[in-house]
Amino acid sequence: MTVVTEFRDQVAVIELNRPQALNALNEQMLADLRTAMDDAEASGCRAMVFTGAGDKALCAGADIAQLQARAPATHRANIGQAQALFNRIQQSALPSVAVIHGFAFGGGLELALACTFRIATAKARMALPEVKLGLIPGYGGTQRLPRLIGEARAAELVLSGRAIDAEEALLIGLVNRIVDGGDPADLGRAFLEPMIRHSKVATSMAREAMRRGLDGALAPGLAMEADMFALCVQSHDAAEGMAAFLAKRPAAFTDN
């Protein structure tokens, strides 16, 4: 399999598994990623960690040999399918973190951008180098990167194709944290641990409110937030959380 999924303590660890090709994305890997998402969302797990096999890369981008051999008429359909997959990762009720422990170039960085969070080790390198091939990012890079780090910084990276290290990525807000080396799955699981102990009702609604709010102006965003709060406060977990707080005891959330 080009993607291997393992479940660890309520977390789905989804590993890109083509280390001989620096985990480059090809059609089979994209299909296997869709299956991995099916498995994760059906499992009852609470979060996802995306990693890459080997010690050199999360993912070095698209498989250029396969890309070159593809008929021009099929490019649009392929791009649409990949974008739909990455949208699914971004919009999933399960929060996700990409662990960048080496190269995250092109489609690999675009996969990381679709995740809720990104963490990097000191040897991480990130780039959208498509312009060097006479191309542009096609799996969401021109859209997600400006939303994350701002238009000017994103334009510099996209138009130059320049690679940046973990320190610069942290400085511009591309990654959440620089972490020590180690097993990427363990690093991702440790990062998510403070978040997955809470009610899935609350965390999924909070993420949905932020996503939807970023697509519009502040006033309608605040109205939407108020509506979602009114829905959330009716949940069993909200009643349990408030009762636990007043009783000075840990909450026992049931995700409903």
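Because the structure is predicted, anything quoted here is derived from the model rather than measured.

On the surface, Ile64, Leu133 and Leu135 cluster together into a nonpolar patch covering about 270 Å² of accessible area. Mapped onto the elements of the fold, Ile64 is located in helix H2 (residues 64–69).

With that out of the way, let us pick up the packing of helix H1 (residues 27–43) against helix H3 (residues 72–91). To characterise two packed helices, one gives the angle between the axes of the helices and the distance between these axes. Direction vectors running N to C along H1 and H3 enclose 25 degrees, while the axes themselves pass 11 Å from each other. Taken together, the axes of H1 and H3 are roughly parallel relative to one another. In this structure, the crossing between H1 and H3 has a hand that is left-handed. The residues of H3 that touch H1, namely those facing Glu27, Leu30, Leu33, Arg34, Met37, Asp38 and Glu41, are Asn78, Gln81, Ala82, Leu85, Phe86, Arg88 and Ile89. When the residues that make up the contact of H1 with H3 are grouped by side-chain class, the tally is 7 nonpolar, 2 polar and 5 charged.

This next bit is on unusual backbone geometry. The backbone of Gln10 sits at a positive phi, close to 70 degrees, despite the residue not being glycine. In this structure, Asp255 is a non-glycine residue whose phi angle is positive, near 65 degrees. For Asp255, the position within the fold is in the segment after helix H11 (236–247).

Counting across every chain of the model gives 3 aromatic pairs. Pairing Phe117 with Phe191 gives two aromatic rings, centres 5.2 Å apart and planes at 65 degrees, and the pair type is edge-to-face. With a gap of 74 residues between them, Phe117 in strand E7 (residues 117–120) and Phe191 in helix H8 (residues 184–196) connect regions that are remote in the sequence. Comparing Phe117 with Phe191, the two get one shared label, buried.

What counts, and where the lines are drawn
Residues numbered from 1 in each chain as written. Predicted model: local features only at pLDDT ≥ 70, side-chain atom pairs only at ≥ 80, totals over all residues. Heavy atoms only, no water. Patch = residues over 30% accessible without salt bridge, like charges linked within 9 Å, V, L, I, M, F, W, Y side chains within 5 Å. Areas by Shrake-Rupley, 256 points an atom, 1.4 Å probe, with all protein chains shown as cover. Salt bridge = Lys/Arg side-chain N within 4 Å of Asp/Glu carboxyl O. Helix = DSSP H or I, 4+ residues; strand = E, 2+ residues; numbered from the N terminus. Axes fitted to C-alpha atoms, helices over the stretch in contact; angles between N-to-C directions. Parallel < 35°, antiparallel > 145°, perpendicular 65-115°, else oblique. Left-handed = near helix turned anticlockwise from the far one by under 90°. Contact = heavy atoms within 4.5 Å. Nonpolar A, V, L, I, M, F, W, Y, C, P; charged D, E, K, R; others polar. Phe/Tyr/Trp six-rings, centres within 6.5 Å; stacked < 30°, edge-to-face > 60°. Buried < 20%, exposed > 50% of the residue type's maximum accessible area, 1.4 Å probe, protein only.

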